Amino acid sequence: IGFTRTLPKAAPTAKKPKSPGILAIDHFDYEKNELASINNAYQRKPSAATVSRLPTKDNSTQGNVLKIQYQKGAEGWCGYYTVLHPLGAGYLDASKYQYVSFKVKGGKGGELFDTGMADEVWDKKGDSLKAGPITQYLSNGVSSEWQEVVIPLRDFGSLDLKTLHAFIRDSKRM
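Residues numbered from 1 in each chain as written. Predicted model: local features only at pLDDT ≥ 70, side-chain atom pairs only at ≥ 80, totals over all residues. Heavy atoms only, no water.

Caption draft 1: Region of the structure containing the sheet that holds strand β2 (residues 22–24). Spatial ordering of the open sheet is given by β2-β1-β7-β10, a layout of four strands whose pairing is antiparallel. Edge strands, defined here as strands with exactly one partner in the open sheet, are β2 and β10 (147–152). Across this sheet, the average inter-strand angle for adjacent strands is 25°, counted without regard to direction. Both strand β1 (residues 2–4) and β2 contribute to a ladder of three bridges, which runs antiparallel. Note on β2: the bridge partner recorded for phenylalanine 3 is leucine 23. (Pairing = 2+ DSSP bridges. Helix = DSSP H or I, 4+ residues; strand = E, 2+ residues; numbered from the N terminus. Axes fitted to C-alpha atoms, helices over the stretch in contact; angles between N-to-C directions.)

Next comes the structure, spelled out in C-alpha cells:
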C-alpha cells in the first residue's frame, strides 16, 4: 500500500528504492506498517475476518503478501485497516500525494470490497469515506492474478488529506 504524487507505473514494493514521490505504507513484512503503526482485521459478528502475512509464492510481487480471509454475513461487517501514523503522534499529512495504490489478488476471483480512508473527523466517528467498489477501479473485477489498483485520493470525497488516520478495505462478499 502506498501514496504517490503522480500516477504510478508500478506499485511500491519492498525491493524498490525510496522515492520522494512515493510514501510506502505497508509491505506486510512486519507486525507494524512502514509508519510504525498498527494494522489488523476488524469485524462485527456474525461477519468475521482474519489477516496473515505470508511469503509470496510467485515472481509478480516481492516480499510478503497480506492474506485477508473473511465471511461477510447478512449482518455485521468485516475488513482490514492500517493506521497511517504512529499512535499518539498526530495524523499523517498526505496533502502532497494524489493517489493511493496497492496490489490485489483474489483466492477465486470476484471478491468484492470497498476501499476507504479515515481522516481525523472520520476517526472520531469510527468510520471512513469510501472511494467506491473495487469494480470501479478494476473493470474486470478482482481475479486470481495480481493486479495493481490505483485510486485518486479525490475519489474519497471531502477527506482532509492533512489529517489522515487510516486506510480501510471493507469486505462485501466472497
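The discussion continues.
Caption draft 2: Highlighting the pattern of salt bridges. Enumeration according to the criterion identifies five salt bridges in this entry. Ionic pairing is found between glutamate 31 and arginine 53, a salt bridge with its closest N-O pair at 3.8 Å. Of the two residues, glutamate 31 sits in the loop between β2 and β3 (39–44) while arginine 53 sits in strand β4 (residues 48–55), which places them 22 residues apart along the sequence. Of the charged contacts, one joins lysine 172 and aspartate 114 as a salt bridge, the two residues approaching to 3.4 Å between their closest N and O atoms. Placement of the pair is lysine 172 in strand β11 (residues 164–173) and aspartate 114 in strand β8 (residues 112–119), with a sequence separation of 58 residues. Residues participating in the shared-partner salt-bridge network are Asp114, Asp170 and Lys172. (Salt bridge = Lys/Arg side-chain N within 4 Å of Asp/Glu carboxyl O.)

Caption draft 3: Molecular detail of unusual backbone geometry. Following lysine 45, the chain continues to proline 46 via a peptide bond in cis, the omega torsion being 10°. With respect to the helices and strands, the residue proline 46 is situated in the loop between β3 and β4. The residue phenylalanine 28 is not glycine, and still its phi comes out positive at about 65°. Positionally, phenylalanine 28 belongs in the loop between β2 and β3. Residue phenylalanine 28 is classed as buried on the basis of its relative accessible area, which comes to 14%. Positive phi, close to 60°, is recorded for alanine 36, a residue that is not glycine. The topology assignment puts alanine 36 in the loop between β2 and β3. (Buried < 20%, exposed > 50% of the residue type's maximum accessible area, 1.4 Å probe, protein only.)

Caption draft 4: Structural view of the packing of aromatic side chains. Enumeration according to the criterion identifies three aromatic pairs in this entry. On the basis of an interplanar angle of 45° and a centroid distance of 6.5 Å, the ring pair of phenylalanine 102 and phenylalanine 113 is categorised as tilted. Placement of phenylalanine 102 in strand β7 (residues 99–104) and of phenylalanine 113 in strand β8 is noted, with a sequence separation of 11 residues between them. Owing to a relative accessible area of 2%, phenylalanine 113 belongs among the buried residues under this scheme. Ring geometry for phenylalanine 102 and phenylalanine 167: centres 5.6 Å apart, planes at 70°, overall edge-to-face. Of this pair, phenylalanine 102 sits in strand β7 while phenylalanine 167 sits in strand β11, and the two are 65 residues apart along the sequence. For the pair phenylalanine 102 and phenylalanine 167, a shared accessibility class is recorded, and that class is buried. In this structure, arginine 169 is placed above the aromatic ring of phenylalanine 113, and the distance from its NZ or CZ to the ring centre is 4.1 Å. (Phe/Tyr/Trp six-rings, centres within 6.5 Å; stacked < 30°, edge-to-face > 60°. Lys NZ or Arg CZ within 6 Å of the ring centre and 35° of its normal.)

Caption draft 5: Inspection of the confidence of the model for the protein at higher detail. Summing up the model confidence of the protein, the mean pLDDT is 86 and the portion of residues at 70 or higher is 88%. A low-confidence stretch, residues 11–17 stays under pLDDT 50, and its non-local contacts, those more than four residues away or across chains, total 14 contacts. (pLDDT = per-residue confidence, 0-100. Contact = heavy atoms within 4.5 Å.)

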